[in-house]
Amino acid sequence: MESLQRLKEICQDVRADIVRMTSAAGSGHPGGSLSAVEAMTVLYFNVLNHRPQEPGWPQRDRFFLSKGHACPVTYSVMARSGYFPVEELLTLRKCGTRLQGHPSCKTLPGIEVSSGSLGQGLSIANGFALSAKIDKNPYRAYCLMGDGELQEGQVWEAIMTAAHFKLDNVCAIVDYNGLQIDGDVETVMGIAPLAQKWTAFNWHVIEIDGHDLEQMQAAYEEARQTKGKPSVIIMKTIKGKGISFMENVAGWHGKAPNQQELQTALAEIYGKENGK
Amino acid sequence: MSIMMLPTRDGYGYGLLELGAANPDVLVLDADLAKSTRSDWFAAKYPERFFDIGISEQDMIGTAAGLALGGKIPFATTYGVFVAGRAWDQIRTTVCYSDLNVKIAGAHGGISAGGDGATHQALEDIALMRVLPNMKVLVPCDAIEAKKATVAAGTVLGPCFLRFAREATPVFTAEGDFFEIGIANVLKPGMDATIIAAGPIVYEALLAHEQLAAEGISLRVINMHTIKPLDEAAVVAAAQETGAIVTAEEAQLYGGLGGAVAEVLARKCPTPVEMVGIEDSFLECGTPEELAVKYGLTAKDLVRAVKKVMARK
């Protein structure tokens with residue numbers, strides 16, 4: 001278990017990784033990666049039962065990145081927790097890299113399943129969780145989803161399935177940053193009221209501030225303790241969190257910072273108290 | 001001649017029972033069509049290993065993918081139109097790109113769902129599945145071969161698509177006949193022309209063989225139960241040795257077996273080819289027999305195609 005102070009420092013490094021790697025790639029998705037930094041850092045350092053040096057360890061918990069475009073944050077927490085060298089992050093999106101623009105399980109050990117076409121991760125998490133139930137194994141399945149992603153119909157099929165089979169070993173995390181490529185989620189295609197919807201679908205709903213490390217840690221624990229139904233952590237977040245000119249700007253969904261923007265971003269990340 | 005009639009979906013049902021007994025990791029999923037697809041036979045025997053996912057094909061494929069990641073061998077089952085079409089992206093991105101051990105069974109393939117009309121006739125399933133990297137595509141010709149194909153799919157690693165038919169069709173292979181994924185079965189060793197067929201229409205090819213034999217034409221008949229990976233050696237040998245090829249299938253010619261054979265021959269051994277199948281169209285309702293006659297899928301049509309292709313030699 002890492003301390004809160006240590007988690008804050010890791011979050012700084014993860015944010016720096018995200019802007020460095022997307023800047024080096026000249027493309028990628030910083031906005032929805034930055035909003036999920038706390039969720040992913042707490043998950044990889046304090047929640048997942050895994051062995052970064054042994055990615056195929058059969059008894060591990062599984063993490064499924066349903067919003068595959070947020071792979072920069074995933075690659076960063078993987079590297080920082082020991083799956084591969086941090087230097088490799090700068091190969092993102094380059095020809096021959098293991099770090100594909102959307103994650104591939106065939107190139108990078110530790111990625112459970114390839115993703116990038118939205119709406120599919122929760123179904124997969126359910127299937128894995130079901131296999132664990134069948135074999136009476138204690139493994140848990142975590143799935144990070146975007147809020148815009150909830151517009152995909154398959155997501156709601158999967159929400160029904162998890163509740164129907166009482167998959168209390170499933171924990172969904174919704175990155176509720178309110179923005180998608182074409183703009184404000186509620187303007188493009190409204191998903192509110194989110195908590196009521198998941199509740200109506202028989203899930204245990206936990207609503208938190210997704211940039212508060214203590215709340216994040218407690219939410220994962222509450223999900224773990226909840227029996228008989230799956231849990232969803234709906235975390236209110238800020239797209240582009242931690243970098244002032246990216247915060248709440250939809251345009252930074254899929255755009256890389258240039259050199260000057262990178263320097264400004266790094267100064268902000270390390271120049272002020274962050275992670276909260 | 002009296003011949004036993006059974007639908008190939010029955011072979012799927014028997015195959016699942018055999019797999020279920022042999023391997024506790026074999027699971028079956030269905031999308032509210034368990035009675036039609038015969039997956040209910042497995043459900044009755046192994047209820048703890050059967051999961052009805054409801055009318056949600058995309059979620060069924062994703063769930064199957066997760067089960068495969070957990071070490072299970074899931075058979076995701078429903079009508080071919082719905083699974084191959086509606087869940088294509090899930091099959092592509094999650095199952096095939098990740099190369100997961102998911103088996104997909106598409107029932108009511110071809111014209112066998114005749115009365116239901118065009119919405120339910122899977123004619124594009126072969127093309128849709130064949131184009132996917134890592135995917136194997138199996139189209140058994142009768143119930144016995146369907147059982148073998150099911151068992152083989154459950155034994156081999158990686159994604160497989162199996163196509164079954166609704167209507168009872170002649171059972172003309174034997175339990176002891178050789179079956180291996182990717183290896184064509186030469187049923188008749190003729191030298192004047194070859195029919196390469198997949199699915200129940202293989203029986204029509206055998207009838208065509210009889211008719212042509214009476215006219216002194218020596219027809220080779222190849223049962224191409226595996227459309228991918230295609231047995232290219234058998235295709236090229238048939239082209240070299242008989243010099244004229246007819247393909248036969250209950251599917252759209254574009255992208256189907258006809259397309260697959262033509263791709264091989266164009267590159268390796270250019271040879272006259274005629275194709276029997278569905279010519280770029282949606283069909284209509286009718287009994288499978290009526291549709292076979294109307295859309296040219298009978299032994300008579302195959303005989304005509306053989307003569308046509310021989311004239312081009």
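Let me begin by describing the structure that accompanies this report. Every value quoted in this text rests on a predicted model; they were computed, and no experiment measured them.

### Things to note about the overall build of chain B
A count of helices and strands for chain B gives 13 helices and 14 strands. At 19 Å, chain B has a C-alpha radius of gyration in line with the 20 Å of a compact globule built from 313 residues. Expressed along its principal axes, the backbone C-alpha trace of chain B runs to roughly 55 × 40 × 40 Å. Each of the 313 residues in chain B was classed as buried or not, and the buried ones make up 62%. Nonlocal contacts in chain B, meaning residues at least 24 apart in sequence, comprise 80% of its contacts between residues at least 6 apart.

### Some remarks on the overall build of chain A
Looking only at helices and strands, chain A has ten helices and seven strands in total. By the compact-globule yardstick of 19 Å for 276 residues, chain A fits well, its C-alpha radius of gyration being 17 Å. Overall size of chain A, expressed as C-alpha extent along the three principal axes, is 50 × 45 × 35 Å. Counting every position in chain A, which comprises 276 residues, the buried fraction comes to 53%.

### Some details on helix H8 (residues 143–155) of chain B
Residues and elements named next belong to chain B. With 13 residues, H8 extends 18 Å from end C-alpha to end C-alpha; this agrees with the ideal 18 Å at 1.5 Å per step. Summarising burial for H8: twelve of the 13 residues are buried, a large majority. For H8, the set of buried residues is Ala143, Ile144, Glu145, Ala146, Lys147, Lys148, Ala149, Thr150, Val151, Ala152, Ala153 and Gly154.

### Here we look at the interface of chain B and chain A
Facing the 21 residues of chain B at the interface are 21 residues of chain A. The set of elements that each furnish at least two residues to the side of chain B that touches chain A consists of helix H4 (57–69) and helix H6 (88–96) of chain B. Looking at the side of chain B that touches chain A, the element that brings in the most residues is H4 of chain B, giving nine residues. Residue composition of the side of chain B that touches chain A, by class: six nonpolar, eleven polar and four charged.

### Things to note about the sheet that holds strand E4 (residues 73–79) of chain B
Strand pairs in the sheet, formed through backbone hydrogen bonds, run parallel or antiparallel to each other. All names here are of chain B. Judged by pairing direction, the sheet is mixed, and its seven strands sit side by side in the order E3-E2-E4-E5-E7-E6-E12 without closing on themselves. For this open sheet the edge positions go to strand E3 (50–52) and strand E12 (226–228), each flanked by a neighbour on one side alone. Going across the sheet, the axis of each strand differs from the next one's by a mean of 20°, ignoring polarity. Inspection of the sheet shows strand E2 (residues 26–30) paired to E3 by three bridges, in the parallel sense. Counted as the bridge partner of Leu29 is Phe51 from E3.

Definitions and cut-offs
- Residues numbered from 1 in each chain as written.
- Chains lettered and ligands numbered in written order.
- Predicted model: local features only at pLDDT ≥ 70, side-chain atom pairs only at ≥ 80, totals over all residues.
- Helix = DSSP H or I, 4+ residues; strand = E, 2+ residues; numbered from the N terminus.
- Rg over C-alpha atoms; globule rule 2.2 N^0.38 Å.
- Buried ≥ 20, exposed ≤ 12 C-beta atoms within 10 Å, placed from the backbone.
- Contact = placed C-beta atoms within 7 Å.
- Expected span 1.5 Å × (residues − 1).
- Nonpolar A, V, L, I, M, F, W, Y, C, P; charged D, E, K, R; others polar.
- Pairing = 2+ DSSP bridges.
- Axes fitted to C-alpha atoms, helices over the stretch in contact; angles between N-to-C directions.

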